[in-house]
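Read off the chains here:
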Amino acid sequence: MQAPAADINIRDNYLSFHHKSIYEYNILEKKLKRLNDAKEEVWKTLLPRKEDILEQFKFTISDNVDYIKLGEKLSKEFRIKDDSNRRELLILLVKYCSIITNINNTQKEFELADKKRNLNFSDYRYFVFKYYSKVHKFLLEGKAYRYNGGIGTLYIDRIQIKSEGKKIDFHKTKLRKEELLKQGVKLYNKQDAAKAELLGIPYDGVDYRVWLRAPAYYSLKFVHSKYFGRSYDFTPISYIHQKYRDYTQDQLALEVCENNEDIYDLQVDLRTKITIYLKRNPERYINFQRDINDKDE
């Protein structure tokens, strides 16, 4: 099974990210207000009992106390049998410490949400690029990458080809198709060809497919996904940044890129990156040799 092209682009993703960040910011802002209100209420109850707290727990409540560490310490004291007055104070203190801990965690989430909602498109695009460059590095090193949300685990699989003419070179086929269309050539269509044969008339559609002339091809596979079947072949959209379009793949591999780190950061699609990586590191095809998945095609 082969994945279709994406229906949304990075700007759509940014707008969705931005709207979610604003929503998250507003929710956390309200949560912080509720927590601070609760903190003030419990503090008003504790303050008149300052002397009792000093007597029972040997410390003076103040703004200088580390209530997060104190909460961890006091929680253990619930195991101790004590009188109702001490137990009541203990419950109030642990509640206050819990609120402070919650405020501290929520404040961090709030500050992050604030940064996210103020992130501009240019910075968002940069972070997405760096994220996928890191993913590509894992994959090119022969590792698998697991996406959250049940999407599945992605890896590169090297599949042996027994004979030529059995597997299409999708990248070269795409380029040839574009070239023929620019020339105004009529492209081959299976249904039209069948009709012409049935009518006994010549058919002038040009077959634009380019077949692999290699011992193996490389597939991007998703497994362990709740959305797809047992195994799902993923085909990313072909992309090469315009600054690289005057270079051949050999030049990119051996001249533009000084090392593998440069390859990981290339602004090209993953299939192109695999080819460039193997041109520079031909022996590393073993990174993608997975005996349990390999099958002749």
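In this report, the structure presented in the accompanying data block is examined. Just so it is clear, the model here is predicted, and its values are computed rather than measured.

## Things to note about the nonpolar core
Counting 26 residues, the largest nonpolar core has Leu46, Ile53, Phe57, Ile61, Tyr67 and Leu93 as the members making the most contacts within it. Of all elements in the fold, only helix H1 (10–46), helix H2 (50–57), helix H3 (67–75) and helix H4 (84–117) reach the threshold of two or more residues within this core. In this view, Ile61 contacts Trp43, Leu46, Leu47, Lys50, Ile53, Tyr67 and Leu93; residues no more than four positions away in its chain are not counted. Counting residues in hydrophobic clusters, the runner-up holds 25 residues, among them Leu220, Tyr244, Leu252 and Leu266.

## Examining the pattern of salt bridges
The full count for this structure, using the stated rule, is 12 salt bridges. A salt bridge links Asp204 to Lys186; its shortest N-O distance comes to 3.3 Å. Of this pair, Asp204 sits in the loop between helix H7 (190–199) and strand E3 (216–223) while Lys186 sits in the loop between helix H6 (170–182) and H7, and the two are 18 residues apart along the sequence.

## Examining H3
Listing the buried residues of H3 in full gives Tyr67, Leu70, Gly71 and Leu74. Buried residues along H3 cover an arc of 105° about the axis, so they all sit on one side. Exposed side of H3, more than 90 degrees from the buried face: Lys69, Glu72 and Lys73 are the residues found there. Elements that come into contact with the buried residues of H3 comprise H1, H2 and H4. Put simply, Asp66 is the residue that caps the front of H3, since its side-chain oxygen is 3.2 Å from the backbone nitrogen of Ile68.

## A few points about the packing of aromatic side chains
Going through the model one piece at a time under the given rule, you end up with 16 aromatic pairs. Pairing Tyr131 with Tyr132 gives two aromatic rings, centres 4.8 Å apart and planes at 75°, and the pair type is edge-to-face. On the accessibility criterion, Tyr131 (34% relative accessible area) is partly exposed. For the ring pair Tyr147 and Phe222, a centre distance of 5.9 Å and an interplane angle of 50° mean the geometry is tilted. Taken together, the positions of Tyr147 in strand E1 (residues 145–147) and Phe222 in strand E3 put the pair 75 residues apart, joining distant regions of the chain. Across the pair, exposure class does not vary: Tyr147 and Phe222 are buried alike.

## Observations regarding the environment of Lys134
Looking at the element boundaries, Lys134 is found in helix H5 (residues 121–140). Relative accessible area serves as the criterion here: at 43%, Lys134 is assigned to the partly exposed category. Distance in space between the C-alpha atoms of Lys134 and Asp265 is 8.2 Å, their sequence separation being 131 residues.

## Observations regarding the packing of H1 against H5
Helices that pack against each other are described as a pair by the angle of their axes relative to one another and the distance between those axes. Interaxial distance between H1 and H5 falls to 10 Å at its minimum, and their mutual angle equals 110°. The angle between H1 and H5 falls in the class roughly perpendicular. Of H5, the residues touching H1 (which contributes Ile10, Arg11, Asn13, Tyr14 and Phe17) are Phe121, Tyr124, Arg125 and Val128. Counted by class, the contact of H1 with H5 contains 6 nonpolar, 1 polar and 2 charged residues.

## Structural notes on a nonpolar patch on the surface
A surface patch of nonpolar side chains, amounting to about 370 Å² of accessible area, comprises Leu198, Leu199 and Ile201. Mapped onto the elements, Ile201 comes out in the loop between H7 and E3. Looking at Ile201, the relative accessible area reads 47%, which means it is partly exposed.

About the criteria used
Residues numbered from 1 in each chain as written. Predicted model: local features only at pLDDT ≥ 70, side-chain atom pairs only at ≥ 80, totals over all residues. Heavy atoms only, no water. Core = buried A, V, L, I, M, F, W, Y, C linked by side-chain atoms within 4.5 Å. Buried < 20%, exposed > 50% of the residue type's maximum accessible area, 1.4 Å probe, protein only. Helix = DSSP H or I, 4+ residues; strand = E, 2+ residues; numbered from the N terminus. Contact = heavy atoms within 4.5 Å. Salt bridge = Lys/Arg side-chain N within 4 Å of Asp/Glu carboxyl O. Arc of directions from axis to C-beta. Polar contact = N/O pair within 3.5 Å; in protein donor to acceptor, adjacent residues only side chain to side chain. Phe/Tyr/Trp six-rings, centres within 6.5 Å; stacked < 30°, edge-to-face > 60°. Axes fitted to C-alpha atoms, helices over the stretch in contact; angles between N-to-C directions. Parallel < 35°, antiparallel > 145°, perpendicular 65-115°, else oblique. Nonpolar A, V, L, I, M, F, W, Y, C, P; charged D, E, K, R; others polar. Patch = residues over 30% accessible without salt bridge, like charges linked within 9 Å, V, L, I, M, F, W, Y side chains within 5 Å. Areas by Shrake-Rupley, 256 points an atom, 1.4 Å probe, with all protein chains shown as cover.

These values are about where atoms sit, not about what they do.
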